[in-house]
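Descriptive analysis of the structure
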Amino acid sequence: MATTISHGGHGVQQAPRVEDVPLVIAGRTLRSRLILGTGKYSSNDVMVRAFKAADVEVVTVAVRRVNLDRTQEEGILYHLDPERILLLPNTAGCYTADEAVRFARLGRAACSSDWVKLEVIGDQRTLLPDVAGTLEAAKTLVAEGFKVLAYTNDDLITALRLEDAGCAAVMPLASMIGSGLGLVNPYTIREIKRRLTVPVLVDAGVGTASDACITMEQGVDGVLMNTAVAEAEDPVTMARAMKLAIEAGRLAYLAGRMPRREVAVPSSPTSGMPS
Amino acid sequence: MATTISHGGHGVQQAPRVEDVPLVIAGRTLRSRLILGTGKYSSNDVMVRAFKAADVEVVTVAVRRVNLDRTQEEGILYHLDPERILLLPNTAGCYTADEAVRFARLGRAACSSDWVKLEVIGDQRTLLPDVAGTLEAAKTLVAEGFKVLAYTNDDLITALRLEDAGCAAVMPLASMIGSGLGLVNPYTIREIKRRLTVPVLVDAGVGTASDACITMEQGVDGVLMNTAVAEAEDPVTMARAMKLAIEAGRLAYLAGRMPRREVAVPSSPTSGMPS
Amino acid sequence: MATTISHGGHGVQQAPRVEDVPLVIAGRTLRSRLILGTGKYSSNDVMVRAFKAADVEVVTVAVRRVNLDRTQEEGILYHLDPERILLLPNTAGCYTADEAVRFARLGRAACSSDWVKLEVIGDQRTLLPDVAGTLEAAKTLVAEGFKVLAYTNDDLITALRLEDAGCAAVMPLASMIGSGLGLVNPYTIREIKRRLTVPVLVDAGVGTASDACITMEQGVDGVLMNTAVAEAEDPVTMARAMKLAIEAGRLAYLAGRMPRREVAVPSSPTSGMPS
Amino acid sequence: MATTISHGGHGVQQAPRVEDVPLVIAGRTLRSRLILGTGKYSSNDVMVRAFKAADVEVVTVAVRRVNLDRTQEEGILYHLDPERILLLPNTAGCYTADEAVRFARLGRAACSSDWVKLEVIGDQRTLLPDVAGTLEAAKTLVAEGFKVLAYTNDDLITALRLEDAGCAAVMPLASMIGSGLGLVNPYTIREIKRRLTVPVLVDAGVGTASDACITMEQGVDGVLMNTAVAEAEDPVTMARAMKLAIEAGRLAYLAGRMPRREVAVPSSPTSGMPS
Amino acid sequence: MSTTSDKIRIIINGDERDIDAGKTVADLLTELNLNPRLVVVEHNREILDRSSLDAARVAAGDVFEVVHFVGGG
Amino acid sequence: MSTTSDKIRIIINGDERDIDAGKTVADLLTELNLNPRLVVVEHNREILDRSSLDAARVAAGDVFEVVHFVGGG
Amino acid sequence: MSTTSDKIRIIINGDERDIDAGKTVADLLTELNLNPRLVVVEHNREILDRSSLDAARVAAGDVFEVVHFVGGG
Amino acid sequence: MSTTSDKIRIIINGDERDIDAGKTVADLLTELNLNPRLVVVEHNREILDRSSLDAARVAAGDVFEVVHFVGGG
């Protein structure tokens, strides 16, 4: 944030200044509050450039079968520098706790990290989470030493239980995966953030920069998104927009916004007008 | 914006990239799309630091009587470096075209610039503009060589006429001055931008960073605000948030957002799941 | 409204009860706060049934050339009973004050009424009003004895001037004609209602029943619409919905809604729980 | 709904007309889609008059200890005519499945009905439901022959499971109990209605008539509310407003609204203008 | 003097028409099969009262607008 | 006969009360001035049918909840 | 020469002031302790160029507005 | 005893394959042209450490899932 600027001989009367602390998940300090997915990019080149534009340090990946009929390796690892980017395997596509646990283990075996983005999906059309299955899988995975970042509904009670179960972060949705509908229920998201101690990241539903900005203004610790960047007409430019929007929303939250009023208040003095 | 990143032996397949052009008002190229007011800061020190945090190059000022009973000079010029910041005198507080013209002339005499932020207010409680008076004053001022940036209602027809009258920029409101209600009518703002050739800046009503971001996502050329920064709990941090939010909104507009959908779309492949 | 219900021997403690007064425009008392247009119905039969379902007493009509090549009379008068429905000629399609005045005179000659719905349009694509032209035409028509119901922008200052000019009612838009976007700017509509003495009707933009209900909840005196009924899949049922929605919105406005809270308040007692 | 109106000698060309079917819960046909709570009224007199104004046939009641120190009986039964109003005992205030089951049994013993409004609350500050506890209690109560109307989160997966568990109706919230924030997430409510076979009633959060209207426009089968009526300044008038708003929303849903457009469409012909 | 079947050219609703000279506006409406009570006639930019339709005479070069109400919002 | 004034201690709605021994639940309600048709009695966590109120006897240490409907949402 | 202490009454920023006769506007500003480069003087509704402050003379009944920039939005 | 080129049937990623008997999982990956450092092998529902690929032997009827990371959100 801006440092104090001295400007000449005035006795500088310090305004109250907020200071941010970095986001820490499972003991790891992150410089960015943005996590991006790696799905649906038109090319790996575009994806890599988007990640640079967004300056992300954590990206999600999915675990899928190797295509045995292709001669060329097509995995995503080839395109990502593990020195600079932390891979966060997900359990996308899993519809039961057991399946999600299996995928989490496969993901852990595939990378050096025990972080997992846990998803237990309850419905194919909406990809909305099965909160009971999510909680069950979270308990198993925490017991196995995973650092669980749990995708969940915007459901305070479930969020509290996921925290109790030992999740490293709780990740309620803004709206449906891939919908771009933005933050539909700011009240619940705000309440979840207010009540939890572990980091709260909003995962899924962001559609454009202002959605990310609004989400951060609720006070949450970060945002995870994929489609909003990958499906933008120009993903690299949108990635940059998202980075800035998240910083803007964070700073606005810290700065404390002006009150809303349904009446005007002049910005210029009302007295001292020449008559 | 992000430059193209080469990454090894792949034939780099270029994604479509948008390029922005800088904002030009009355022949002057501006590096920032944010204009700030100078009113209502708790101290001049806070104001100056906010301007640095926002990296603004144009700020509005009001014309008022010197207080003859004070020994110390209290004008705002003392605190602003005219080499680095362009002063934009306003006609705030004027309720007739004649009065606004008089204030514009006083403002021009007080600084080296012939730019004026024209306001003709129609009502004390709401500070909503008198569009007829604004148009009348604009014609007079343009004839006198002023570069008129005209504050106006979110009214397409009036905006078109202000452009026809020779205004250098047209500045419809987001919502009432000092209200912080944000961009109430994006449809009209979008249409005004679509139809005018001169720059369209949104002036008044922004309350927090996401408001600025949403406003820029409509495609307008810039945003003018005062209260949202000056009345934030920490104005310097909010100033920085606004700078980032405006850049984010601009880039998101250029990048082209994903479509909104009322159904989910997975970010991870649905095939290739281990069975 | 509900009458007081006696129920036995209790000393009836009267709750505060609001009483509505009927809408009066230009001295005429109207039992309905809904005015419908006659355009765009799939058939005159559907239109007539919709009017019955909505129980309207005022409908707008346009003035157009008789088609000289048709043998059969096609005017709308044939389908409306002037004993039961007051015709309100409009000046739709007029782009200047002069043209609107001419159409108003033609409309007056065509029916027994000196009421006119004044529209001076400023732009073909948006059909947004030209407020200067509207004000000019209103002055002329008032001088000629017309009862002017003036369609206008959601612009407080213009609304106040139309009242000053002698308009019988001021009719700001909810959103663009035929758009169905609903009440975009409730703040301005509420303020216009608060400040004017003549009836304020919201004209244009309502898309469905809840739009009409929300509009009435702002305290305005009535709503004028056409497309929302005529273009509904079932116009007759929608007409009925609109009638009920307008009554509901009016009553809710009069009843005084509960406050909004971002915290829960139980509806059942928290004490007296069996342990 | 409006019946077909014959009007003279025209060949009547029938428009498509929708027909509604009444709401049936657990085999009982209800004429009203509005259920009201009995809490928080300023007096029993006001409550009874509000119920008449709303023409409700089902009202919720809570089970609490008799106050042994009062000489006079204070239960609510004294004020409600069981011939005309069906009592729906709730389990409000219960934080576990066991507790809710106990309250449901007490409620059944206190009235002739085996209907129960099941609530298992997860958090005192927000009164948000514990979906796991709700599901557990629902299974027990269904096995005991209860007709369970289950209050739940706006959570599709849980809603589907409550239906699978045999609930007679599923009642997702619009927003927090007593908050008056209205329908925050129409997408999820619409999807829940689309996917369930049993009736879907929206329970909690409605604040004024337009909230009820919007909720019904999503296609749900009914609305349950308490505070919006009881805490209105004039509860009797608000009760009437709610009745009308719910009918309006239902009819608008059936009628099929016009499309939203971001461009105007004239309601009057653009040809045939005198030149 | 003038022969019996002289034609004059007028403009009605934007179109030129040749009609017999010596007609009143009421005659004109009858010829056009229009009910005077359902239309309004503007004659050279002046609106005619229904009561004056019988007296008003059509002259060469006259411009008429004959309008009525149609569906509109 | 039995001694006249034996008292037993019970808990009703969370409060301890000393009542005469040998009462039925119906007696208890009468003593409390409660209409059996408008309340429900839970006796040691078992709900009593209204028809069994006359037969059910109150014993020392018994826990009663006597509930009814109140306003609620 | 003229008598020493003739006073004239003028209006500055809405207030009446009595000042010595024979002053220029530049003198007036000096007396008011105002920096001419930071203010603008309107003299009887005409804005004075800074270059003309030395030449402009103050007369009885003159109305001055002396303004500068203050914070405003 | 067994002949040299005995084939066994296994299932990899859902498809049946016949391979030579006596192979290790590491051999299998080599045959499939897969880099062991970029994939994970699940052998009869047990995940194999990379260090155990050389020792693990393929038997008839074994079920393998060979997975890696792909783009996902």
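Right, let's walk through the structure included here. Treat the numbers as computed from the prediction; the structure is a model and nothing was measured.

Within chain A, the secondary structure is distributed over eight helices and 10 strands. Projected onto its principal axes, the C-alpha positions of chain A cover 85 × 40 × 35 Å. Here chain A, with 275 residues, has 66% of them falling under the buried criterion. Here the analysis covers contacts within chain A between residues at least 6 apart in sequence; of these, 65% occur between residues at least 24 apart. Just so you have it, chain A exposes about 9300 Å², and 47% of that area is on carbon and sulfur atoms. Here chain A contributes 29 positive and 32 negative side-chain charges, whose respective centroids are spaced 4 Å apart.

This paragraph deals with the interface of chain D and chain C. Think of interface size as the accessible area that goes away when the parts come together; that is how it is often given. Contacts between the two partners involve 90 residues from chain D and, on the opposite side, 91 residues from chain C. Roughly 7700 Å² is buried in total at the junction of chain D and chain C, and carbon and sulfur atoms are behind 60% of that figure. Ranking the residues of chain D by area buried against chain C places Arg49(D), Met258(D) and Met273(D) at the top, with a combined share of 9%. Between the two partners, chain D and chain C, sit two salt bridges. Inspection of the chain D/chain C interface yields 40 residue pairs in polar contact (both at pLDDT 80 or more). For the side of chain D that touches chain C, the secondary-structure elements that each account for two or more residues are α1 (44–54), β4 (58–65), α2 (97–110), α6 (209–217), α7 (227–230) and α8 (235–255) of chain D.

Before going further, it helps to examine the interface of chain H and chain A. On the side of chain A, 31 residues touch chain H, which itself brings 23 residues to the contact. Surface buried jointly by chain H and chain A totals about 2400 Å² across both partners, of which 61% is contributed by carbon and sulfur atoms. Ranking the residues of chain H by area buried against chain A places His68(H), Phe69(H) and Gly73(H) at the top, with a combined share of 32%. Remark: the boundary between chain H and chain A carries three salt bridges. Of the charged contacts in the structure, one is a salt bridge between Glu65(H) and Arg65(A), with a shortest N-O distance of 2.7 Å. Taken together, chain H and chain A are joined by 11 residue pairs in polar contact (both at pLDDT 80 or more). Residue assignment for the side of chain H that touches chain A shows that the elements contributing at least two residues are β3 (40–43) and β5 (63–71) of chain H.

Moving on, we come to the pairing of strand β6 (residues 115–118) of chain C. Residue and element names in this part refer to chain C. The alternating pattern of β6 places Trp115 and Lys117 and Val116 and Leu118 on opposite faces, both of which are buried. Of the pairings in the sheet, the one linking β6 to strand β7 (residues 147–152) comprises four bridges and is parallel in character. The residue bridging Lys117 from the neighbouring strand is Leu149, located in β7. Once the chain exits β6 it traverses helix α3 (residues 131–143) before rejoining the sheet at β7, and the crossover so formed is right-handed.

The next point concerns the side chain of Ser268(B). Note that Ser268(B) resides in the segment after α8 (235–255). Among the residues examined, Ser268(B) registers a relative accessible area of 8% and is labelled buried. Within the structure, the side chain of Ser268(B) is placed 3.1 Å from the side chain of Asn90(A), a separation counted as a polar contact. Once residues within four sequence positions are removed from consideration, Ser268(B) is found in contact with Ala62(A), Arg64(A), Asn90(A), Ala92(A), Gly71(H), Gly72(H) and Gly73(H).

Among the nonpolar cores identified, the biggest contains 187 residues, and Met225(C) and Met225(D) are the most heavily contacted of them. When near neighbours in sequence (up to four residues on either side) are disregarded, Met225(C) contacts Leu34(C), Ile35(C), Leu36(C), Gly37(C), Val206(C), Ala212(C), Met242(C) and Ile246(C). Judged by nonpolar contacts, the second largest core, of 185 residues, contains Met47(A), Ala252(A), Val223(B) and Ile177(C).

With that settled, the discussion passes to the sheet that holds strand β8 (residues 169–172) of chain D. Residue and element names in this part refer to chain D. Across the sheet, three strands lie side by side as β6-β7-β8; this open sheet has parallel pairing. Edge positions in the sheet fall to β6 (115–118) and β8, since each has one partner strand and no second. Across this sheet, the average inter-strand angle for adjacent strands is 15°, counted without regard to direction.

Two orientations exist for strands paired in a sheet by backbone hydrogen bonds: parallel and antiparallel. Residue and element names in this part refer to chain C. Strand order in the open sheet formed by three strands is β6-β7-β8, and the pairing between neighbours is parallel. Both outer strands of the open sheet, β6 and β8 (169–172), are each paired with one neighbouring strand and no more. Averaged over all pairs of adjacent strands, the angle between their axes in this sheet comes to 15°, without regard to strand direction. The sheet contact formed by β7 and β8 spans four bridges and is parallel. Its bridge partner lying in β8, Tyr151 is registered against Met171. Set on the sheet, α3 makes contact with β6 and β7; between it and β7 the angle comes to about 175°.

A word on the relation of the copies chain D and chain C. Its rotation angle being 180°, the transformation that places chain D on chain C also includes 0.0 Å of axial translation and leaves an RMSD of 0.0 Å. Read as a symmetry element, the transformation amounts to a two-fold axis.

Okay, the arrangement of the chains next. Between chain F and chain G there is no contact, and the shortest C-alpha to C-alpha separation is 50 Å. The two partners chain G and chain H share no contact, and the minimum distance between any of their C-alpha atoms is 44 Å.

Another point: the packing of aromatic side chains. By the definition in use, this model includes four aromatic pairs over all chains. Relative to Phe51(A), the ring of Tyr41(A) has its centre 6.0 Å away and its plane inclined at 85°; by these criteria the two rings are edge-to-face. Taken together, the positions of Tyr41(A) in the loop between β3 (34–37) and α1 (44–54) and Phe51(A) in helix α1 put the pair 10 residues apart, joining distant regions of the chain. Neither residue differs from the other here; Tyr41(A) and Phe51(A) are each classed as buried. When the ring centre of Tyr151(B) is taken as origin, the NZ or CZ atom of Lys117(B), which lies over that ring, is 5.8 Å away. The cationic tip of Arg108(C) hangs over the ring face of Phe146(C); the distance from NZ or CZ to the ring centre is 3.8 Å.

All names here are of chain C. For Ala212, the position within the fold is in helix α6 (residues 209–217). Given the relative accessible area of 0%, Ala212 is considered buried. When the C-alpha atoms of Ala212 and Ala245 are compared, they prove to be 6.1 Å apart, with 33 residues separating the residues in sequence. Beyond its immediate sequence surroundings of up to four residues, Ala212 is in contact with Val206, Val223, Met225, Met242, Ala245 and Ile246.

Let us look at the packing of helix α3 (residues 131–143) of chain B against helix α4 (residues 156–164) of chain B. All names here are of chain B. Where α3 contacts α4, the two axes come as close as 10 Å, and the packing angle between them is 10°. Comparing the axis directions of α3 and α4 gives the class roughly parallel. Of α4, the residues touching α3 (which contributes Val131, Thr134, Leu135 and Ala138) are Thr158, Arg161 and Leu162. Looking at side-chain class alone, the contact of α3 with α4 contains four nonpolar, two polar and one charged residues.

So, about the pairing of strand β5 (residues 86–89) of chain C. Looking down a regular strand, the side chains alternate between one sheet face and the other. Residues and elements named next belong to chain C. By the alternation rule, side chains of β5 split into Leu86 and Leu88 and Leu87 and Pro89, which are all buried. Relative to β5, strand β4 (residues 58–65) is paired through four bridges, and the arrangement is parallel. The residue bridging Val61 from the neighbouring strand is Pro89, located in β5.

This part takes up the pattern of salt bridges. One pass over the full model with this rule turns up 111 salt bridges over all chains. In this structure, Asp69(A) and Arg17(H) form a salt bridge, with 3.7 Å as the shortest nitrogen-oxygen distance. Pair noted here: Asp69(A) is in the loop between β4 (58–65) and β5 (86–89) and Arg17(H) is in strand β2 (residues 15–20), and the two residues belong to different chains. Between Asp130(D) and Arg161(A) there is a salt bridge whose closest N-O contact spans 2.7 Å. Placement of Asp130(D) in the loop between β6 and α3 (131–143) and of Arg161(A) in helix α4 (residues 156–164) is noted, with the two residues assigned to different chains. On the accessibility criterion, Asp130(D) (6% relative accessible area) is buried. Arg161(A) gets classed as partly exposed once you look at its relative accessible area, which sits at 31%.

Residues and elements named next belong to chain D. The end-to-end C-alpha separation of α8 is 30 Å, in line with the 30 Å expected for 21 residues at 1.5 Å each. With 18 of 21 residues buried, α8 lies mostly within the body of the structure. For α8, the N-terminal capping position is held by Asp234, with its side-chain oxygen 3.2 Å away from the main-chain nitrogen of Val236. Taken from the residues just after α8, Gly256 is the one with a positive phi, measuring 80°.

Residue and element names in this part refer to chain C. In this structure, Leu201 sits in strand β9 (residues 201–203). C-alpha separation for the pair Leu201 and Met171, spaced 30 residues apart in sequence, amounts to 4.7 Å. Apart from the residues within four sequence positions on either side, Leu201 is in contact with Leu23, Ile25, Ile35, Leu149, Val170, Met171, Pro172, Asp221 and Gly222.

Cut-offs applied
- Residues numbered from 1 in each chain as written.
- Chains lettered and ligands numbered in written order.
- Predicted model: local features only at pLDDT ≥ 70, side-chain atom pairs only at ≥ 80, totals over all residues.
- Heavy atoms only, no water.
- Helix = DSSP H or I, 4+ residues; strand = E, 2+ residues; numbered from the N terminus.
- Buried < 20%, exposed > 50% of the residue type's maximum accessible area, 1.4 Å probe, protein only.
- Contact = heavy atoms within 4.5 Å.
- Areas by Shrake-Rupley, 256 points an atom, 1.4 Å probe, with all protein chains shown as cover.
- Lys, Arg positive; Asp, Glu negative; His and termini not counted.
- Charge placed at Lys NZ, Arg CZ, Asp CG, Glu CD.
- Buried area = accessible area lost by both parts, 1.4 Å probe.
- Salt bridge = Lys/Arg side-chain N within 4 Å of Asp/Glu carboxyl O.
- Polar contact = N/O pair within 3.5 Å; in protein donor to acceptor, adjacent residues only side chain to side chain.
- Pairing = 2+ DSSP bridges.
- Right-handed = clockwise from strand over helix to strand, strands pointing away.
- Core = buried A, V, L, I, M, F, W, Y, C linked by side-chain atoms within 4.5 Å.
- Axes fitted to C-alpha atoms, helices over the stretch in contact; angles between N-to-C directions.
- Least-squares fit on C-alpha atoms with pLDDT ≥ 70 in both.
- Phe/Tyr/Trp six-rings, centres within 6.5 Å; stacked < 30°, edge-to-face > 60°.
- Lys NZ or Arg CZ within 6 Å of the ring centre and 35° of its normal.
- Parallel < 35°, antiparallel > 145°, perpendicular 65-115°, else oblique.
- Nonpolar A, V, L, I, M, F, W, Y, C, P; charged D, E, K, R; others polar.
- Expected span 1.5 Å × (residues − 1).

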